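# Residue-level structure breakdown
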Amino acid sequence: MNFLYVTKKLLSAFLTLIAVVIFNFFLFRVVDRDPLAKYRGRSKLSIAQREIMIERLGLNGSKWQQFITYIKSTARLDFGRSFDSTRPVLREISDRLPATLLLVGISTILTILIGVYIGARAGWQRGSRFDRVSTSATMVLYATPEFFFGMLLLAFIAGRTGWFPTGGLRDVGADTSGFASILDRAHHLVLPSLTLTLGYLGSYSLIMRTSMLETLGEDYLTTARAKGLRDRDVMMRHAVPNALLPSVSFIAISFGFVIGGAITTETVFSYPGLGLATADAIRNTDLPMLQALFLVASSAVIIFNLLADLTYGLLDPRIGRAK
Amino acid sequence: MSIEAVQVSPRQMTWLRRRRALLRVWRELRHDRSGFTGLLLLVFFGVVAAAAPLIADRSELLAAAGRNNPDLAAPSAKFLLGTDDIGRSVLSQLVWGSRVSLFIGLLATVVAVVIGSTVGLISGYVKGRVGSLLLAIDDFFLVVPFLPLAIVLAVILGRSPVTLALVIGFTSWAGSARLVRAQVLSLSERGYVERARALGANSRHVILRHVLPGVAPLIIANATLIVPGAILTESTLSFLGFGDRLSPSWGKLLDGAQSSGSITLNAWWYYLPPGICIITVVLAFTLFGRALERIFDPRLAGR
Amino acid sequence: MIDSPVLKVRDLYVTYQSSFGPVPAVRGVDLDIALGETLGLAGESGCGKSTLAMALLRLVPPATQISGSILLDGQSVLTMKPGQLRLVRWAQASIVFQGAQHVLNPVQRIGSQIDEAIQLHHGSTSSTVREMLALVGLSDGCADDYPHELSGGQKQRVMIAMALSCNPLLIIADEPTTALDVMVQAQILQLLDNIKRERGLSMLFITHDLSVLSHNTDRVAVMYAGRIVEVGPAEELLRGSIHPYSRALAESFPIIGDPKSRHQPKGLAGDPPDPNSLPSGCPFHPRCNVAIDSCKSIDIKLSAVTKSIDRQVACVHANDESRSVK
Ligand SMILES: Nc1ncnc2c1ncn2[C@@H]1O[C@H](COP(=O)(O)OP(=O)(O)OP(=O)(O)O)[C@@H](O)[C@H]1O
Ligand code: SF4
Ligand SMILES: [Mg+2]
């Protein structure tokens, strides 16, 4: 991986980000003819209040002037105030971001690890019992909406056994510092992250299985076998590193789905992160929140794609290695 | 045979050829166990959706219908799948829900396939600025997370089923555009297009008469695989509050089950059936679509 | 021990399973290679050369049926347990594969790919990556390279270094120069020749180009449709082949160092038969210009010719006066 490759990827991520910001404006100011109507819908506005709202939402002037205002405030990370709580959107988001990062981070890592393992093994032992069972299972996983998983886990594990809390971030009245609080948070994370992991395990392992099947006929695997390597080592040292390459970009693209999954999962478990905030914003038609949440979600996917590209560069020596 | 052949017009010939191709697909499908199972399940749900008025009266969906019934009652002879939190029969809602879910799923797929194929065909066929612009747009839509986008669009544009379908379609075409484009490129590599062009055909003609038939099987298989995604997206959006409680899709039923606390109340008859229906239909479309893919693209056989 | 061959193959059958049914790619092959001897194996594309080579180390797909016997340094390859087989692979016999482009792992450094073999069999070898690279004329620096950074010839050198790294008794070279340009071909052939002499290795040298065999082989076997149709001392066989197929094969290539032969290249009409549907009788009869009626029904076994005890031929005409050795 060389400087040129990294620069190119950074640049393209940056350009995509700009495109998302512009697209965001387009959605909320052009596709949406009358944003104010959504606010007015819930409480009558006096003329004076209306003026203030127009000013605050940056709706005054021509579309072009609005665009300039929008760009300026977005650059300052000023997304206005939530229609619902009337707190600054930035505060709402930064308060809830850590919880979601934790949930999505843990689930993504688990999904990748388990999905890659299952897919690699199923592809390697294609047609075996493991392959048949795991492929059927992943198809069912794929077909299940993740929030239904969440509901099942709530009903049959949290509800029946009481081993896990049914929702929230931490127990009410629990310590907010120290080891006990970490344990408490972890306890609350188990079911949501299990839900999200199960929800996307299917696609990840199918992706890995397909790329594994594509490497099965490669000549270097015969070389490895001829050298006297065990089947396991042929797979781990030669097949998997090659099969991972095409999977990386597919996994990056599917990350967008995981973000979507976080929204419903947090809703099921009343887990106060950005996902729950999105669900609330939908029910309250809270445009400023939605606008910012859309930007955050898109940026997360762009960043994740960038990381995937860089990982790819590290894994594949053929990518612009300076000689 | 040769005498017969003389008598059929070119149009009939095309028809015969298509019929033969369809027969081949049907024969291979009969021997594809999982694909055929998927098809049977789809036929079942299709019949239920079509026959909904015969199974349950539409008035049973009205809020007033449940007024005299017990709320969240367990399954009984009168209510085979119990009642919901305002006393309406879950089974009736489930039956009518199949209409809503399938309708939105199919309409969204049509939208996605039309946009995706058009973008894919043109970006694969037209080189130069138009091609690369379309490719850039496609790249952009592949990156933008589709659920948040669909949410934003649905909030802005409205919550009716048709709007939901349009929104879902508009957010799920990027993958198929990519696929169609790749197929077009490989067709042109095989000299398919060059030959037609050399005979003096214009672009429109070449795309519609030569390229489109070449990619049609792929588009059909791909469409079958977009439907399950669209149904899942619909259920997710409904679960998040979109959609109509008085004409609920399966996802909307799950939303009702969740917000009425049926889980803590152990009212399994409320939340299990819609979930199982979603899983089954999505699975059926996936199995069927993958079988079509295998039949149309023998390279995938044995996967 | 001196007399017992390094490789002794008897009645080897290899049948692939495909979606169209069984594919008999090798059908009853006998082979012997003595210590330090090089056997050239020639035949058109698809006649089963690679299949034979792979079967020697049981490297064919799992569903493939193999029968007969393969003795490698006296040990029976076909009956040994998987653990034993892994020990024998590369340490007793190694392979220089056909087409060096894809036989190296693209995401692993050259050095570590060679070292992997050395580590695996360190009981039988004390060589180092550096020594092996030097042996094939590559610099130390190559160890840190990835395959895509090397030329085709360099990759084939790496493959040879890898094949030598565990001190095998036998090297199986499967068309080691096919994908390379002519200059590089000559260098690689020279390299193999030198190494083989220095180390007293036995070699099975596979090619579809008879002309490369004249210099570096002791004996030559000609293969057709999964069988050996003629075998004998290299010089003798190349100058005067008896089987009509070997003749056609020899004539379709100029013999290096014999300017006269360049002027009489005679192509062979038709394609080699598909192992799925072999012709009856002698499988060569549809393409043979001296076939007689009985050839359509009677398949002649490989057997010694009366003239020379070193030579065996599978043809009705094997002992005809007019067609035997000059
Ligand atoms: N895995 C396989 N499954 C089924 N048939 C196979 C398989 N591998 C090879 N064959 C068939 O077996 C026959 C012998 O193939 P093989 O590769 O041994 O020929 P070859 O003499 O090495 O040819 P070449 O000079 O092209 O390398 C061919 O007809 C080939 O199509
Ligand atoms: S046996 Fe007959 S067909 Fe076969 S090579 Fe000899 S002459 Fe030709
Ligand atoms: Mg070969």
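Just above sits the structure.
What counts as what
- Residues numbered from 1 in each chain as written.
- Chains lettered and ligands numbered in written order.
- Predicted model: local features only at pLDDT ≥ 70, side-chain atom pairs only at ≥ 80, totals over all residues.
- Heavy atoms only, no water.
- Helix = DSSP H or I, 4+ residues; strand = E, 2+ residues; numbered from the N terminus.
- Buried < 20%, exposed > 50% of the residue type's maximum accessible area, 1.4 Å probe, protein only.
- Contact = heavy atoms within 4.5 Å.
- Areas by Shrake-Rupley, 256 points an atom, 1.4 Å probe, with all protein chains shown as cover.
- Lys, Arg positive; Asp, Glu negative; His and termini not counted.
- Charge placed at Lys NZ, Arg CZ, Asp CG, Glu CD.
- Pairing = 2+ DSSP bridges.
- Axes fitted to C-alpha atoms, helices over the stretch in contact; angles between N-to-C directions.
- Donors = N, O, S within 2.8 Å, 3.2 Å for Na, K, Ca; no water.
- Near = heavy atom within 4 Å.
- 1 Å grid on protein atoms, 1.4 Å probe; cavity = no way out; pocket = protein on both sides within 12 Å on 5 of 7 lines; lining within 4 Å.
- Sits in = over half its atoms within 2 Å of the grid points.
- Nonpolar A, V, L, I, M, F, W, Y, C, P; charged D, E, K, R; others polar.
- Salt bridge = Lys/Arg side-chain N within 4 Å of Asp/Glu carboxyl O.

### As for the overall build of chain A
When its secondary structure is counted, chain A shows 12 helices and zero strands. Summarising its shape, the C-alpha atoms of chain A cover approximately 85 × 55 × 40 Å along the three principal directions. Considering chain A as a whole, with its 323 residues, one finds that 51% of them fall into the buried category. Within chain A, contacts between residues at least 6 apart in sequence are counted, and of these 74% link residues at least 24 apart. Counting every atom, chain A has about 15000 Å² of accessible surface; 64% of that belongs to carbon and sulfur. Across chain A, the 34 positively charged side chains and the 23 negatively charged ones have centroids separated by 3 Å.

### So, the pairing of strand E6 (residues 93-96) of chain C
Residues and elements named next belong to chain C. By the alternation rule, side chains of E6 split into Ala 93 and Ile 95 and Ser 94 and Val 96, which are all buried. In the sheet, E6 pairs with strand E7 (residues 170-174) via four bridges, with the strands oriented parallel. Within the sheet, the bridge partner assigned to Ser 94 lies in E7 and is Ile 171.

### Observations regarding the sheet that holds strand E4 (residues 65-72) of chain C
All names here are of chain C. In spatial order, the strands read E2-E1-E4-E5; together these four strands make up an open sheet with antiparallel pairing. Two strands in the sheet have a free side with no partner beyond their single neighbour: strand E2 (21-33) and strand E5 (75-76). Of the pairings in the sheet, the one linking strand E1 (residues 7-18) to E4 comprises seven bridges and is antiparallel in character. Note on E4: the bridge partner recorded for Val 14 is Ile 66. Taken strand by strand, helix H1 (residues 49-56) contacts E1, E2 and E4, and its axis lies near 110 degrees from that of E1.

### Comments concerning the coordination of the magnesium ion (ligand 3)
Residues and elements named next belong to chain C. Surrounding the magnesium ion (ligand 3) are the protein donor atoms Ser 50 (OG) and Gln 98 (OE1), which sit 1.8 to 2.4 Å from the metal. Of this pair, Ser 50 sits in helix H1 while Gln 98 sits in the loop between E6 and helix H3 (110-120), and the two are 48 residues apart along the sequence. With relative accessibility at 25%, the residue Ser 50 sits in the partly exposed group. A residue is classified by how much of its surface remains accessible, and Gln 98, at 35% relative accessible area, is partly exposed.

### Details of the site of ligand 2
All names here are of chain C. Residues in contact with ligand 2, as listed here, are His 243, Pro 244, Cys 282, Phe 284, His 285, Cys 288, Val 290, Ala 291, Cys 295, Cys 315, Val 316 and His 317. When atoms are counted within 2 Å of each cavity's grid points, the one that captures over half of ligand 2 is the largest cavity. A class-by-class count of the residues in the shell around ligand 2 yields nine nonpolar, three polar and no charged.

### Let's talk about the pattern of salt bridges
This structure, assessed with the given rule, holds 26 salt bridges over all chains. Between Arg 96 of chain A and Glu 92 of chain A there is a salt bridge, with its nearest N and O atoms 3.7 Å apart. Here Glu 92 of chain A and Arg 96 of chain A lie together in helix H5 (residues 89-124), a separation of four residues that amounts to about one turn. In this structure, Asp 32 of chain B and Arg 294 of chain B form a salt bridge, with 2.9 Å as the shortest nitrogen-oxygen distance. Taken together, the positions of Asp 32 of chain B in the loop between helix H2 (10-30) and helix H3 (33-50) and Arg 294 of chain B in helix H13 (residues 268-296) put the pair 262 residues apart, joining distant regions of the chain. A relative accessible area of 14% means that Asp 32 of chain B is categorised as buried. Residues joined in a network through salt bridges with shared partners are Arg 87, Glu 92, Asp 95 and Arg 96 of chain A.

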